Amino acid sequence: LLASLLHKGMDLGLAAALVREQRWMVTTFILDGEIASNPLAKLKGILQGGLGGLVLFNAVVDRIIREFHRTPESEDWGFTLSNHYRLVFLAFADNFWILAKSPGELMEAARYWWDLLDQLDLEAPIDEACWCSTFPKCEEVSIRIRGALVQMKPRKEGIKVLGTMV
C-alpha cells in the first residue's frame, strides 16, 4: 500500500499516516443494537466505506493493472478495438474482469494476474471467481486457476455484478 501511494506521487508523511491508520483500525460486529463482539484487528485489506478507502484501493489496483498491461504476453491477450486499443482488463468497484479470446488465454492471463496480486500481498479469492463465454461450446470447458476449478456461468444466466447483469 505504501509503495503504491508513493508511486502515485503522494507525500511520504501523508502516505505513512494513511497506512498507519489502516493498520490501527478495528472492526466490531453489533447484532440487534445490543450484542457486540470484541474489537477485531484488521490484518489485511481496506475498510469498505471507510474514509479514503476508494483512493487507497485505486492506488494499489491501478499499479498492478498497469503492470498487467505491460507484460509482453498481454500484447496478444484480450480484444483489439477499432481504434487499435486493446481491451484486456476491466475493473469496477471491487470487481474485475479478464477478457480473453479463448479458455487457454484466460487461464494464462489469470495466472499472471494472481501472481501480481501475490507480489503486493493482495488476495482475490479464486473460489469466488467465475467465468462466462459467448461461445456456446465453452460450457464443456473447465477453467482452473492454481489448481482450483473456476465456476462456469451459463450464457443464459450471465454474471451478476452489483445488480448489473454482464
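Residues numbered from 1 in each chain as written. Predicted model: local features only at pLDDT ≥ 70, side-chain atom pairs only at ≥ 80, totals over all residues. Heavy atoms only, no water.

(A) Molecular detail of helix H2 (residues 12-24). With 13 residues, H2 extends 18 Å from end C-alpha to end C-alpha; this agrees with the ideal 18 Å at 1.5 Å per step. Every buried residue of H2 is accounted for by Ala15, Val19 and Gln22. All buried residues of H2 lie within an arc of 60° about the axis, which places them on one face of the element. (Helix = DSSP H or I, 4+ residues; strand = E, 2+ residues; numbered from the N terminus. Expected span 1.5 Å × (residues − 1). Buried < 20%, exposed > 50% of the residue type's maximum accessible area, 1.4 Å probe, protein only. Arc of directions from axis to C-beta.)

(B) Structural view of the environment of Trp77. Looking at where Trp77 falls in the secondary structure, it is placed in the loop between helix H3 (53-70) and strand E5 (79-80). A sequence separation of 21 residues divides Trp77 from Ile98, and the C-alpha atoms of the two residues are 9.2 Å apart. For Trp77, the contacting residues outside a window of four places in its chain are Phe68, Thr71, Arg86, Val88, Lys101, Glu105, Glu108, Ala109 and Tyr112. (Contact = heavy atoms within 4.5 Å.)

(C) Broad picture of the packing of aromatic side chains. In this structure the tally under the stated criterion is 9 aromatic pairs. Judged by centre distance (5.4 Å) and plane angle (50°), the rings of Phe96 and Trp113 are tilted. Linking Phe96 in strand E8 (residues 95-98) with Trp113 in helix H4 (residues 103-119), this pair joins segments that are 17 residues apart in sequence. Judged by relative accessible area, which is 28%, Phe96 ranks as partly exposed. Members of the aromatic cluster, connected to one another through ring pairs, are Phe68, Trp77, Phe89, Phe96, Tyr112, Trp113 and Trp114. (Phe/Tyr/Trp six-rings, centres within 6.5 Å; stacked < 30°, edge-to-face > 60°.)

(D) Highlighting the confidence of the model for the chain. Mean pLDDT over the chain: 79, with 86% of residues reaching 70 or higher. Here strand E13 (residues 164-165) stands out as the element of the chain with the lowest mean pLDDT, 54, in contrast to H4, whose mean of 90 is the highest. (pLDDT = per-residue confidence, 0-100.)

(E) The arrangement of the sheet that holds strand E10 (residues 143-145) in detail. Across the sheet, which stays open at both edges, the 3 strands sit in the order E9-E11-E10 with mixed pairing between neighbours. The sheet terminates laterally at strand E9 (130-131) and E10, the two strands that pair on one side only. As judged from the 2 bridges shared by E9 and strand E11 (residues 148-152), these two strands associate in the parallel manner. Residue Trp131 lies in a different strand from E11, and its bridge partner there is Met152. (Pairing = 2+ DSSP bridges.)

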